[in-house]
Amino acid sequence: MLTLGASAGAGRAQAAGLDPALLAPLAGDDSEARLSAIAALGALPEPGAAAVLQALGDDRLYATPAGRVLLADAATPAQAEDPATGERLAMPADAQSISINNRIRRAIQSALAGSQLHAADPAERLAAARRLQQGSDASRLPLIAQALDREQHPEVRAALELAQAKLELASPDAAVRRHAVELLGRARNASFRPLLSELATARPDGTYAEPDTSVREAAAAAMRAIDRRAATVEWAGNLFYGLSLGSVLLLAAIGLAITFGLMGIINMAHGELLMIGAYATYLVQLAFRAWLPGWMDWYVLAALPVAFVTAALVGMALERTVIRWLYGRPLETLLATWGISLILMQTVRTLFGAQNVEVSNPSWMSGGVTVLGSLVLTYNRIVIIVFALLVVFLVWLLLNHTRLGLFVRAITQNRRMADCVGVPTGRIDMLAFGLGSGIAGLAGVALSQLGNVGPDLGRAYIVDSFMVVVLGGVGQLAGTVIAALGLGGVNKLLEPHAGAVMAKITILVLIVLFVQKRPQGLFAPRGRSAE
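Quick caveat: nothing in here was measured; it's all calculated off a predicted structure.

### Observations concerning the overall build of the protein
A count of helical and extended segments in the protein gives 21 helices and 7 strands. Against the 2.2 N^0.38 benchmark of 24 Å for 531 residues, the protein shows a C-alpha radius of gyration of 34 Å, more extended than a compact globule. C-alpha atoms of the protein, sized along the principal axes, occupy 105 × 65 × 40 Å. Of all 531 residues assigned to the protein, the portion counted as buried reaches 46%. Pairs at least 24 residues apart make up 67% of the contacts formed inside the protein by residues separated by at least 6 positions. Placing the 43 positive and 40 negative side-chain charges of the protein at their respective mean positions leaves the two points 13 Å apart.

### Focus: the UniProt feature "transmembrane region" (unreviewed entry) in the protein
UniProt records the feature "transmembrane region" (unreviewed entry) for residues 239-266, 273-292, 298-318, 330-352, 372-399, 466-490 and 496-515 in the present numbering. Strand forms 0% of residues 273-292 and helix 95%; the C-alpha atoms that close the span are 27 Å apart. Overall, residues 298-318 shows 95% helix and 0% strand. The separation of its end C-alpha atoms is 31 Å.

### Concerning helix H14 (residues 330-352)
Spanning 23 residues, H14 covers 32 Å between terminal C-alpha atoms, matching the ideal 33 Å at 1.5 Å per step. Buried within H14 are the following residues: Thr333, Thr337, Ile340, Ser341, Leu344, Met345 and Val348. For H14, the secondary structure elements touched by its buried residues are helix H12 (270-291), helix H13 (299-321) and helix H19 (459-472). Count one or two residues on from H14 and you reach Gly353, which has phi positive near 95°.

### Digging into the domain arrangement of the protein
When the domains of the protein are assigned, the result is domain 1 (20-118) and domain 2 (232-517). Relative to domain 2, the C-alpha centre of domain 1 lies at a distance of 64 Å.

### Quick look at the sheet that holds strand S5 (residues 96-97)
Strands sit in the order S4-S3-S2-S1-S5 across an open sheet of 5 strands; the sheet is antiparallel. With one partner strand each, in any of the chains shown, strand S4 (88-90) and S5 form the two edges of the open sheet.

### So, helix H16 (residues 403-413)
Those residues of H16 not exposed but buried are Gly405, Phe407, Val408 and Ile411. Projection of H16 onto a plane perpendicular to its axis shows the buried side chains occupying an angular sector of 160°, all on one side.

### Some words on the nonpolar core
Soluble globular proteins: nonpolar side chains tend toward being buried together. Membership of the largest hydrophobic core comes to 78 residues, with the highest contact counts inside it found for Ile254, Val391 and Val395. Element by element, the count of residues in this core is highest for helix H11 (residues 213-263), at 13 residues. Residues Ala37, Ala50, Leu53 and Leu71 belong to the second largest nonpolar core, which totals 25 residues.

### Comments concerning the pattern of salt bridges
Side chains carrying opposite charge are able to pair once their charged atoms draw close together. Counted under the stated rule, the structure contains 3 salt bridges. Linking Asp227 and Arg193 is a salt bridge whose minimum nitrogen-to-oxygen distance equals 2.7 Å. Here Arg193 lies in helix H10 (residues 193-200) and Asp227 lies in helix H11, a separation of 34 residues in the sequence. Overall, the relative accessible area of 30% leaves Arg193 in the partly exposed class. In this structure, the salt-bridge partner of Arg349 is Asp456, at a minimum N-O distance of 3.0 Å. Linking Arg349 in helix H14 with Asp456 in the loop between helix H18 (425-448) and H19, this pair joins segments that are 107 residues apart in sequence. For Asp456, a relative accessible area of 41% gives the class partly exposed.

### Digging into the packing of aromatic side chains
Under the counting rule described, the total for this entry stands at 5 aromatic pairs. Relative to Trp364, the ring of Trp298 has its centre 5.9 Å away and its plane inclined at 25°; by these criteria the two rings are stacked. In this pair, Trp298 sits in the loop between H12 and H13 while Trp364 sits in the loop between H14 and strand S6 (368-371), placing the two residues 66 residues apart along the sequence. Using a relative accessible area of 42% as the deciding quantity, one classes Trp298 as partly exposed.

### Quick word on the packing of helix H7 (residues 141-150) against helix H8 (residues 154-169)
Between two packed helices, the angle of one axis relative to the other and the distance separating the axes together describe the packing. Where H7 contacts H8, the two axes come as close as 10 Å, and the packing angle between them is 155°. Relative to H8, H7 is oriented roughly antiparallel. The hand of the H7/H8 crossing is left-handed. Residues Leu141, Ile144, Ala145, Ala147 and Leu148 of H7 form the contact with H8, whose own contacting residues are Arg157, Leu160, Glu161, Ala163, Gln164, Leu167 and Glu168. Of the residues contributing to the contact of H7 with H8, the split by class is 8 nonpolar, 1 polar and 3 charged.

### Concerning the packing of helix H6 (residues 122-133) against H8
One way to put it is that H6 packs onto H8 with a least axis distance of 8 Å and a crossing angle of 15°. With respect to each other, H6 and H8 are oriented roughly parallel. Here the hand of the crossing between H6 and H8 comes out left-handed. Seen from H6, the contacting residues are Pro122, Arg125, Leu126, Ala129, Arg130, Leu132 and Gln133; seen from H8, they are Glu155, Val156, Ala159, Leu160, Leu162, Ala163 and Lys166. Split into classes, the residues belonging to the contact of H6 with H8 amount to 9 nonpolar, 1 polar and 4 charged.

### Considering the confidence of the model for the protein
On average, residues of the protein score 80 in pLDDT, and 90% of them are at 70 or above. Per-element averaging of pLDDT across the protein places helix H1 (residues 8-14) at the bottom with 39 and H13 at the top with 92. Low pLDDT, under 50, characterises residues 1-16; the stretch is placed with 35 contacts to residues that sit more than four places away or in other chains. Low confidence marks residues 527-531, where pLDDT is under 50. Its contacts with residues over four positions away, or in another chain, come to 7 contacts.

### A look at the environment of Asp227
What makes Asp227 partly exposed here is its relative accessible area of 34%. In this structure the C-alpha to C-alpha distance between Asp227 and Cys420, which are 193 residues apart in sequence, comes to 65 Å.

### Regarding the side chain of Gln285
Positionally, Gln285 belongs in helix H12. Residue Gln285 is classed as buried on the basis of its relative accessible area of 0%. Among the polar contacts listed, one links the side chain of Gln285 to the backbone oxygen of Glu358, at a separation of 3.2 Å. Excluding its chain neighbours within four sequence positions, the residues that come into contact with Gln285 are Met296, Tyr299, Glu358, Val359 and Ser360.

Reading the values: rules and limits
Residues numbered from 1 in each chain as written. Predicted model: local features only at pLDDT ≥ 70, side-chain atom pairs only at ≥ 80, totals over all residues. Heavy atoms only, no water. Helix = DSSP H or I, 4+ residues; strand = E, 2+ residues; numbered from the N terminus. Rg over C-alpha atoms; globule rule 2.2 N^0.38 Å. Buried < 20%, exposed > 50% of the residue type's maximum accessible area, 1.4 Å probe, protein only. Contact = heavy atoms within 4.5 Å. Lys, Arg positive; Asp, Glu negative; His and termini not counted. Charge placed at Lys NZ, Arg CZ, Asp CG, Glu CD. UniProt positions renumbered as here; feature names shortened; annotations may be inferred. Expected span 1.5 Å × (residues − 1). Domains from an automatic or database assignment. Pairing = 2+ DSSP bridges. Arc of directions from axis to C-beta. Core = buried A, V, L, I, M, F, W, Y, C linked by side-chain atoms within 4.5 Å. Salt bridge = Lys/Arg side-chain N within 4 Å of Asp/Glu carboxyl O. Phe/Tyr/Trp six-rings, centres within 6.5 Å; stacked < 30°, edge-to-face > 60°. Axes fitted to C-alpha atoms, helices over the stretch in contact; angles between N-to-C directions. Parallel < 35°, antiparallel > 145°, perpendicular 65-115°, else oblique. Left-handed = near helix turned anticlockwise from the far one by under 90°. Nonpolar A, V, L, I, M, F, W, Y, C, P; charged D, E, K, R; others polar. pLDDT = per-residue confidence, 0-100. Polar contact = N/O pair within 3.5 Å; in protein donor to acceptor, adjacent residues only side chain to side chain.

Spelled out as structure tokens, the structure:
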């Protein structure tokens, strides 16, 4: 269908085959006849009718002295087309533009609202349905019903249903109004609720906008159905965002679980390792933008190994230079790593500035999928959830099916015995710390896809990561997974009712109470060191 500014080629393809007798009144002087012709064109399902109406509204419809109606080409006005035959011809010298007044323009807009319901583009059909919502012409009901019978796009259907219901609610027949209310209830669209509430709720003087009791009861039932649907959508949305938050916590806590479980190190700089991974992603994005702009959609994949290696090298350097001298001294380790975190943050501020930097999503992570009518599951969060599970699987393979994993598990269970049987505990400590730091770098890549990157990025996750590790059980991968996803889900389910701050306080209190009863966490470590 031809729209404002559309190409003339589209108009030629769609404007052929209209009845000349229907077009003839448009060139006449009888206003009533022209209005009738416009209304008739608006009722036609042929896209060509909309092309003629659009051309009339754009002052591109011409008439010859013989009464022939011609459609001027939008790009080349000297070229014309006969909407009755589809014939292309030069614009006759004696053809005159058909002038219209404001009354005709309003009629054209109203007619276009009906004819554009047959457009191929859902956006045009949606715009037409929304224009119909503003009208009060009950004669449009058959046209809307016809459009609803074939409409598959959910957003367009909702707009058509609202337009139909609004017209039916103005009917003097209570049965028709009740049907409109039931239709709104079946749609279960939250945007219909104010309209229903106006019908079912008493005014301050005790009267009702809807005089019929059965219609008011139907409106109340429709509101309950809409509320149930809204509650379901809200619960599903909170669950999805809880899983998303839990997956980020999981990525942040896996590395901490490895280092804390293996060496008993309270690493307060773990959050800054997330920050390093996020800034590594930012640098990779800049590199792709400068040298590989055609591959920008894949910069995130290139950022994964870069962030992992960068964070792992920083972690191993910290372990070799500072942390290795503080084993068995938890308070000194806590203070030292806290100081390291401040140094890392200040270094980043010096290099990149104190302001946040923007890391954009690639096109395949932009947008989302709509479920339950109005809940949008964004692609970036879906990808992060899948990525977190993949990282967990790879870490499980590493810990359970490699020599390094065997040594890590041996040291976690009984460091002295592992040292006695020849396990190089010092080198394994360094590699394990590098592994945990590298996984934190991967978490930074994930966080960069959810928001801006700044020097304080990791600070918001360090406390939550420690809570995940303590709740799941020190050094226990399965416990870390369950605790991270559980904390993320509970946090998002509590936030709508208690607020973000009270939700975190509630979770902290619950964890403290849990640890009082079960200090070893959800899964107790096995081995002699646990005795």
